[in-house]
Amino acid sequence: MKFADLHLHTLFSDGTFTPEELVERASKLGFAAIALTDHDTVEGCERAAAACAAARMEFIPGTELTAEHEDTEVHILAYLVDTQNKVLLKRIAEFQSVRQNRIREMVAAINKLGVPLKADDVFALANCKSPGRPHVARAMVKAGLVANLDEAFERFLKKGRPAWVPKTKMSALEGVELIHQAGGLAVMAHPGLNRTDDIIPDLVDAGLDGIECFHTKHSTVMSERYLEIADEYHLVVTGGSDCHGFSKKAPLIGTVKLPYEHVERLYAAKKSADEKRRATAVK
Ligand code: AMP
Ligand code: ZN
Ligand code: FE
Ligand code: FE
């Protein structure tokens, strides 16, 4: 059997592996294909593609965008996008600047509570254009301000806690369109984790191409239900570990194995979307 992991992060966002380290692990685990889905960046794709080529593994370029629809936060995975697409890159640069400002706001909120964290220490640790809450948490652990990542999230960073700062989010409909104009497929990430079931019909109307049925945080029952939903709406099925490297526990890569037939369907959906776009362009 051939398998894939289509949800992976590197240190280009909040993962801890380099693209090369990630590919080496995927290769050792026997994966036939992987996708990179760093938050709000496609920067790691070139190196991951080169490492995959050397390891004779298929590589699918991607990213994970944060969006919202009717006050529900939804993560949208983009697959097989043109990583040079100007509109996508410009929008991603805006999301990155929002992330950087948000780090300063979170640190200011933490300082207000009398905890002496420095924004520059967070940026130095993150060392990437897409910093996020995990970097703040890691910087707090490093500075000895909390005992572990969980404590940082529980006391300061999770929704409702004093240093939680919302990200200005694009609408999910814009997200789907942004991915499509870059030649990619738009997939709803971990619906079981974000509880986004109710908005599936609206996103399907907007052109959603797929749904992440298999995910570390999905129970077997959940995965089965999302497979049924995929069937009902004719959506591509994806899955992945959402590995962030060495963050809290052992790396998650290898815990979710998407049967390769779904990767073939992803390619087929891309081909048919490209053909449709070409046909409309000619008209
Ligand atoms: P951000 O994009 O900055 O809001 O950060 C979201 C990321 O934080 C997710 O992708 C997870 O990797 C991580 N995360 C969210 N909640 C927690 C938590 N309670 N403990 C540890 N990591 C978390
Ligand atoms: Zn993350
Ligand atoms: Fe996510
Ligand atoms: Fe993710």
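You'll find the structure just up there.
One structure accompanies this document, and this report is about it.

Definitions and limits used
Residues numbered from 1 in each chain as written. Chains lettered and ligands numbered in written order. Predicted model: local features only at pLDDT ≥ 70, side-chain atom pairs only at ≥ 80, totals over all residues. Heavy atoms only, no water. Helix = DSSP H or I, 4+ residues; strand = E, 2+ residues; numbered from the N terminus. Rg over C-alpha atoms; globule rule 2.2 N^0.38 Å. Contact = heavy atoms within 4.5 Å. Donors = N, O, S within 2.8 Å, 3.2 Å for Na, K, Ca; no water. Buried < 20%, exposed > 50% of the residue type's maximum accessible area, 1.4 Å probe, protein only. Core = buried A, V, L, I, M, F, W, Y, C linked by side-chain atoms within 4.5 Å. Near = heavy atom within 4 Å. Polar contact = N/O pair within 3.5 Å; in protein donor to acceptor, adjacent residues only side chain to side chain. Areas by Shrake-Rupley, 256 points an atom, 1.4 Å probe, with all protein chains shown as cover. Nonpolar A, V, L, I, M, F, W, Y, C, P; charged D, E, K, R; others polar. Salt bridge = Lys/Arg side-chain N within 4 Å of Asp/Glu carboxyl O.

## Focus: the overall build of the protein chain
Piece 1. Looking only at helices and strands, one finds eleven helices and ten strands in the protein chain.
Piece 2. Relative to the compact-globule value of 19 Å for 283 residues, the protein chain shows a C-alpha radius of gyration of 19 Å, a close match.
Piece 3. With the C-alpha coordinates aligned to their principal axes, the bounding extent of the protein chain is approximately 60 × 40 × 40 Å.
Piece 4. Long-range contacts, defined as pairs at least 24 residues apart, comprise 69% of the intrachain contacts of the protein chain with a sequence gap of at least 6.

## Thoughts on the coordination of the iron ion (ligand 3)
Piece 1. Binding of the iron ion (ligand 3) to the protein goes through E64 (OE), H75 (ND1) and H190 (NE2), at separations of 2.0 to 2.2 Å.
Piece 2. Counting along the primary sequence, the residues that act as donors to the iron ion (ligand 3) give the motif E-x10-H-x114-H.
Piece 3. Separating the iron ion (ligand 3) from the iron ion (ligand 4) is a gap of 3.6 Å, bridged by E64, which donates to each. Here H75 is found in strand β5 (residues 72–79), whereas its partner H190 is found in the loop between β7 (185–188) and α8 (191–194), with 115 residues between them in sequence.
Piece 4. Under the relative-accessibility criterion, H75 is labelled buried at 12%.

## Some words on the nonpolar core
Grouped burial of nonpolar side chains is what soluble globular proteins tend to show.
Piece 1. In terms of nonpolar packing, the biggest core is built from 64 residues, with L6, I34 and Y79 touching the most fellow members.
Piece 2. Counting residues per element, this core draws most heavily on β5, at five residues.
Piece 3. The residues contacting I34, other than those within four sequence positions of it, are D5, L6, L8, V23, A26, C52, M57, E58, F59 and I60.
Piece 4. With 20 residues, the next largest nonpolar core counts I103, I110, V122 and V136 among its residues.

## A look at the coordination of the zinc ion (ligand 2)
Piece 1. Donor atoms from the polypeptide that coordinate the zinc ion (ligand 2) comprise D14 (OD), D14 (OD), H39 (NE2) and H244 (NE2), at 2.1 to 2.7 Å from the metal.
Piece 2. We note that the donor set of the zinc ion (ligand 2) lies within a single chain, spaced as D-x24-H-x204-H.

## Side note on the site of ligand 1
Piece 1. Taken together, the residues surrounding ligand 1 are D14, H39, R99, R102, G132, R133, P134, F153, K167, H244 and K248.
Piece 2. Here R102 contributes a side-chain N or O atom positioned 2.9 Å from an oxygen atom of ligand 1.
Piece 3. Here an oxygen atom of ligand 1 and a side-chain polar atom of H244 are 3.1 Å apart.
Piece 4. Burial of ligand 1 by the protein amounts to 75% of the accessible area it has alone, namely 500 Å².
Piece 5. Of all elements in the fold, only α3 (86–112) and α5 (133–142) reach the threshold of two or more residues within the shell around ligand 1.
Piece 6. For the shell around ligand 1, the class distribution of residues is two nonpolar, three polar and six charged.

## Structural notes on the pattern of salt bridges
Piece 1. Throughout the structure, instances matching the rule amount to 14 salt bridges.
Piece 2. Across the pair E73 and K169 runs a salt bridge, and its minimum N-O distance is 3.7 Å. Here K169 lies in the loop between α6 (149–157) and β6 (170–171) and E73 lies in strand β5, a separation of 96 residues in the sequence.
Piece 3. Classification of E73 as partly exposed rests on a relative accessible area of 31%.
Piece 4. When its relative accessible area of 22% is taken as the criterion, K169 is described as partly exposed.

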